[in-house]
Amino acid sequence: MASNSGYGDAFCARINRANTCINLAKGGRSSGSFRAEGRWDEVEGLLRGAAAYRATYVLIQFGHNDQPGKPGRSTDLKTEFPVNMARYAQEVKALGGVPVLVTPLTRRSFKDGVLENNLAPWADVIRATAAAQKTPLLDLNAESYAAVQAMGQNEADTLAMAPRPADYGVPQPAGKVEVAGAAKSAFDRTHVGAKGAAYFSRMVMDEIKRTLPEV
């Protein structure tokens, strides 16, 4: 959801001007480090001052940076991540807000023509947490996975922050992926540029209309 690398700002741009949308996401944060850095305190502060609004919905999406191999960010999938997600939902409710849990946007790497979904276990935890906490759920992981699988690697790569370098791992006809020392580039298959932000923010908007028709 982070500014410049996610769909959050593009989503806020879709909100009716009679309402307010604030994007507090920050790139590279996990469900643990977001709180540890004091960023959740800002969310709670805004909720405490939300009496002027008819309702306040807090969209919460984590998972990408909770995965292993990220020092200072990773959380344990079985012990820490479920607790973190449940706590966020509970604290929003306690302050009179409506927590909306969002499963993580799919990454866009294919192998032998099949889109990989290494975020599926984190999406499963969020689905279970939403059910247990009785909170609205936007299953962005499932919907974005299906959409990206249908478009294929080449089209999916146009959603990135930068054009795909000529020598970046490009699927070959036989399914082989060749990587030949790709130069430094903003291109990757996780973050999104303007086209990707527009595409996925519309997906989230449509999911909200189905899940929360009162908005």
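Residues numbered from 1 in each chain as written. Predicted model: local features only at pLDDT ≥ 70, side-chain atom pairs only at ≥ 80, totals over all residues. Heavy atoms only, no water.

1. Notes on helix α5 (residues 120–133)
With 14 residues, α5 should cover 20 Å at 1.5 Å per step; its first-to-last C-alpha distance of 20 Å lies within 8% of that length. Looking at the buried positions of α5, the neighbouring elements they touch are α4 (81–94), β2 (98–102), β5 (137–138) and α6 (140–157). Trailing α5 by a residue or two, Lys 134 shows a phi angle of about 55°, which is positive. (Helix = DSSP H or I, 4+ residues; strand = E, 2+ residues; numbered from the N terminus. Expected span 1.5 Å × (residues − 1). Contact = heavy atoms within 4.5 Å.)

2. Section: the sheet that holds β5
The strand order across the open sheet formed by 3 strands is β1-β2-β5, and the pairing between neighbours is parallel. A strand with exactly one partner marks an edge of an open sheet, and here the two such strands are β1 (57–60) and β5. Relative to β5, β2 runs parallel, the two sharing 2 bridges. Along β5, the bridge assignment pairs Leu 101 with Leu 137. (Pairing = 2+ DSSP bridges.)

3. Quick notes on the pairing of β1
Only one face of β1 is covered, namely the face carrying Val 58 and Ile 60; the face carrying Tyr 57 and Leu 59 is uncovered. Sheet analysis places β1 next to β2, joined by 4 bridges and oriented parallel. Across the sheet, the residue bridging to Leu 59 is Val 100, located in β2. Once the chain exits β1 it traverses α4 before rejoining the sheet at β2, and the crossover so formed is right-handed. (Buried < 20%, exposed > 50% of the residue type's maximum accessible area, 1.4 Å probe, protein only. Right-handed = clockwise from strand over helix to strand, strands pointing away.)

4. Regarding the packing of α4 against α5
In a packed pair of helices, the relevant descriptors are the angle between the two axes and the axis-to-axis distance. Between α4 and α5, whose axes approach to 10 Å, the crossing angle comes to 40°. With respect to α5, the axis of α4 lies oblique. α4 and α5 meet at a crossing whose hand is right-handed. Residues Phe 81, Pro 82, Met 85, Ala 86, Ala 89, Gln 90 and Lys 93 of α4 form the contact with α5, whose own contacting residues are Trp 122, Val 125, Ile 126, Thr 129 and Gln 133. Here the contact of α4 with α5 is composed, by residue class, of 8 nonpolar, 3 polar and 1 charged. (Axes fitted to C-alpha atoms, helices over the stretch in contact; angles between N-to-C directions. Parallel < 35°, antiparallel > 145°, perpendicular 65-115°, else oblique. Left-handed = near helix turned anticlockwise from the far one by under 90°. Nonpolar A, V, L, I, M, F, W, Y, C, P; charged D, E, K, R; others polar.)

5. Let's talk about the packing of aromatic side chains
Per the stated rule, a full pass over the model turns up 4 aromatic pairs. Taking 5.4 Å as the distance between ring centres and 15° as the angle between the ring planes, the aromatic pair formed by Phe 62 and Tyr 88 counts as stacked. Placement of Phe 62 in the loop between β1 and α4 and of Tyr 88 in helix α4 is noted, with a sequence separation of 26 residues between them. In textbook terms, an aromatic cluster arises when at least three aromatic residues are bridged by ring pairs, as seen for Phe 34, Trp 40, Phe 62 and Tyr 88. (Phe/Tyr/Trp six-rings, centres within 6.5 Å; stacked < 30°, edge-to-face > 60°.)

6. Observations regarding unusual backbone geometry
Even without glycine at this site, Asn 4 takes up a positive phi of about 75°. On the secondary structure map, Asn 4 appears in the segment before α1 (8–12). If you check the backbone angles, Asp 112 has positive phi at about 55° while not being a glycine. Looking at the element boundaries, Asp 112 is found in the loop between β3 (110–111) and β4 (114–115). Owing to a relative accessible area of 57%, Asp 112 belongs among the exposed residues under this scheme.

7. Some remarks on helix α3 (residues 39–48)
One full turn of an α-helix is made of 3.6 residues, so residues set three or four places apart face in the same direction. Taken as a whole, α3 has its buried residues at Trp 40, Val 43, Glu 44 and Leu 47. Each buried residue of α3 lies within a common arc of 95° when the element is viewed along its axis, so the set occupies one face. Opposite its buried face, α3 presents the exposed residues Asp 41 and Arg 48, each directed more than 90 degrees away. The secondary structure elements touched by the buried residues of α3 are α2 (33–36), β1 and α4. (Arc of directions from axis to C-beta.)

Just geometry here; none of it tells us what the structure is for.
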